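Secondary and tertiary structure notes
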Amino acid sequence: MQQANAPKVSFVSLGCPKALVDSERIITRLRAEGYELARKHDGADLVIVNTCGFLDSAKKESLSAIGEAMAENGKVIVTGCMGAEPEQIEAAYPGVLSITGPQQYESVLEAVHRAVPPAHNPHLDLLPPQGVKLTPRHYAYLKISEGCNNRCSFCIIPKLRGDLVSRPANDVLREAERLVKAGVKELMVISQDTSAYGVDIKYAASQWQDREVRAKFYDLAKELGEFGAWVRLQYVYPYPHVDEVIGLMTEGKVLPYLDIPFQHASPDVLKAMKRPAAQEKTLARIKAWREACPELTLRSTFIVGFPGETDYDFAYLLDWLEEAEIDRLGCFKYEPVAGAASNAIGNSVPDEIKQERWNALMARQRKISARRLKRKVGTRQQVIVDEVGPTVAKGRSKADAPDIDGAVYLSSRRPLRVGEIVTAKIERADEYDLHGSVAGF
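Notes on the structure follow. Bear in mind that the values here come from a model prediction, so they are computed numbers and not experimental data.

Some remarks on the overall build of the protein chain
Within the protein chain, the regular secondary structure consists of twelve helices and 20 strands. The globule rule puts the C-alpha radius of gyration for 441 residues at 22 Å, and the 23 Å found for the protein chain is close to it. For the protein chain, the spread of C-alpha atoms along the three principal axes comes to 60 × 60 × 50 Å. Counting only contacts in the protein chain whose residues sit at least 6 apart along the sequence, the fraction spanning at least 24 positions is 73%. Element-wise, carbon and sulfur atoms account for 52% of the exposed surface of the protein chain, whose accessible area totals about 19500 Å². In the protein chain, 58 side chains carry a positive charge and 59 a negative one; their mean positions are 4 Å apart.

Digging into empty space enclosed by the protein
Sizing a probe to match a water molecule and rolling it over the atoms shows the empty space that remains. Taken as a whole and judged by the stated rule, the model has one cavity of 30 Å³ or more. One number sums up the size of the largest cavity: a volume of about 50 Å³. If you trace the largest cavity, you find it lined by Thr297, Asp327, Arg328, Ser369, Arg372, Leu373, Lys376, Ala399 and Asp400. Here the lining of the largest cavity takes three residues from helix α12 (residues 351-374), the largest share from any one element. Residues belonging to the lining of the largest cavity are distributed by class as follows: two nonpolar, two polar and five charged.

Looking at α12
The end-to-end C-alpha separation of α12 is 34 Å, in line with the 34 Å expected for 24 residues at 1.5 Å each. Among all positions in α12, only Lys354, Arg357, Leu361, Met362, Gln365, Ile368, Ser369, Arg372 and Leu373 are buried. Buried-residue contacts for α12 involve α10 (282-292), β14 (297-304), α11 (311-324), β15 (328-333), β19 (421-429) and β20 (434-440).

Describing unusual backbone geometry
Even without being glycine, Lys202 reaches a positive phi, approximately 55°. When you line up the elements, Lys202 lands in the loop between β9 (186-190) and β10 (205-208). In this structure, Gln209 takes a positive phi of about 55° despite not being glycine. By secondary structure assignment, the location of Gln209 is in the loop between β10 and β11 (211-214).

Focus on the pattern of salt bridges
Under the criterion given, the structure shown has 27 salt bridges. One salt bridge connects Arg371 with Glu322, and the closest N-O pair in it is separated by 2.8 Å. With Arg371 in helix α12 and Glu322 in helix α11, this residue pair connects regions lying 49 residues apart in the sequence. On the accessibility criterion, Glu322 (30% relative accessible area) is partly exposed. Residue Asp351 is joined to Lys354 by a salt bridge in which the shortest nitrogen-to-oxygen separation is 3.6 Å.

Examining the packing of helix α7 (residues 217-224) against helix α8 (residues 242-250)
At a minimum axis distance of 9 Å, the contact between α7 and α8 shows a crossing angle of 15°. The angle between α7 and α8 falls in the class roughly parallel. Along this stretch, α7 crosses α8, giving a crossing that reads as right-handed. Counting all contacts with α7, which are made through Phe217, Tyr218, Ala221 and Lys222, the residues of α8 involved are Val242, Glu244, Val245 and Leu248.

Observations concerning α8
Within α8, burial applies to Val242, Val245, Ile246, Leu248 and Met249. Down the axis of α8, the buried side of the element spans an arc of 155°, and every buried residue falls inside it. Elements in contact with the buried residues of α8: α7, β12 (230-233), β13 (257-259) and α10. Phi turns positive, to about 80°, at Gly252, one or two residues after α8.

Calculation criteria
Residues numbered from 1 in each chain as written. Predicted model: local features only at pLDDT ≥ 70, side-chain atom pairs only at ≥ 80, totals over all residues. Heavy atoms only, no water. Helix = DSSP H or I, 4+ residues; strand = E, 2+ residues; numbered from the N terminus. Rg over C-alpha atoms; globule rule 2.2 N^0.38 Å. Contact = heavy atoms within 4.5 Å. Areas by Shrake-Rupley, 256 points an atom, 1.4 Å probe, with all protein chains shown as cover. Lys, Arg positive; Asp, Glu negative; His and termini not counted. Charge placed at Lys NZ, Arg CZ, Asp CG, Glu CD. 1 Å grid on protein atoms, 1.4 Å probe; cavity = no way out; pocket = protein on both sides within 12 Å on 5 of 7 lines; lining within 4 Å. Points joined across faces, edges and corners; volume = space filled by probe spheres on them. Nonpolar A, V, L, I, M, F, W, Y, C, P; charged D, E, K, R; others polar. Expected span 1.5 Å × (residues − 1). Buried < 20%, exposed > 50% of the residue type's maximum accessible area, 1.4 Å probe, protein only. Salt bridge = Lys/Arg side-chain N within 4 Å of Asp/Glu carboxyl O. Axes fitted to C-alpha atoms, helices over the stretch in contact; angles between N-to-C directions. Parallel < 35°, antiparallel > 145°, perpendicular 65-115°, else oblique. Left-handed = near helix turned anticlockwise from the far one by under 90°. Arc of directions from axis to C-beta.

What follows is the structure, given as structure tokens:
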């Protein structure tokens, strides 16, 4: 129950899951202070826009969202990655109340307090202990660190979010425990570079229950696997120690799923991108991972049209994809980003060639994906239910992260509930999705 005069805040969250976690933290604090969330800008006391500033197209979307909020409301606070370089926002919308960069929760709250003071009643404004989540109740993003130590030439994330800052292991595990107790069935482990977790704090151990746990990728994944929820590892660079985590997958502790942003396969392009980790032995490592864990699903992202990418480089990438058999794939056409080192490379690829290469890569991937999924027909898969329809439910197997991967469409003799995990018999597959019926609960 809220006070009748509780101030209302409308919230827009743009960008990646890491920004979504930032939004959840701000909203949790606001709700704890008695603010209500409004569904529309019009009628709200204030609008907060959490921006993305990674690509020019994302900046455009952010500026458009700010413009919409200014037109519909007029009282706007801007935060997030684009706020780290505020000049463009100030030039377009000089009337915004405040601009802050990513992770600056206190500054955002101070700006809200200045514009609309809280009307808090501690007896009425009760919050669930896990905080307010913007994702459905049955899955949650678990951010284990901020920032990044890599200096990839196309990326300005370290400039926007700073160097790697890892959370102590016991802090992450406490949050995970709270989430699972609140009904979360799937934890998505995220950061800019998940497998670099702990390097900045020299893998320092912290007290968790009756033991010490090191702030190390393997140790954290192992402990998270004890909560009984699905644990999905995302944004993992292929450092050598990633091999150890495959054992946790075969033991069923974490999902047999790795999201590794390879970005390219050609040695020359990778060198120009300044990508970390030894990439030349990647195919051999993927083969070894799959031998150890045949169920392993690999998701990745790639960039086509990077400055200097030749026809040979692109053909190399297509051949590599064919051999690696990446299960799930996102592809981006290279965009120059203000402040990125890659802008100085020159030798840019014309837009029409970028488009041709994107089309060719996605056509190749559709065939690879269809081939990989066809092998699952006739098998039984555990599926977590995301949406329930009158005749068909939509869910995800262990091979599918929400929003970015495929889905499993299910028929069932009894009504299904969102968040339920069922066993499904897979009856057919198409290029990206599976179709089946519930065979067990």
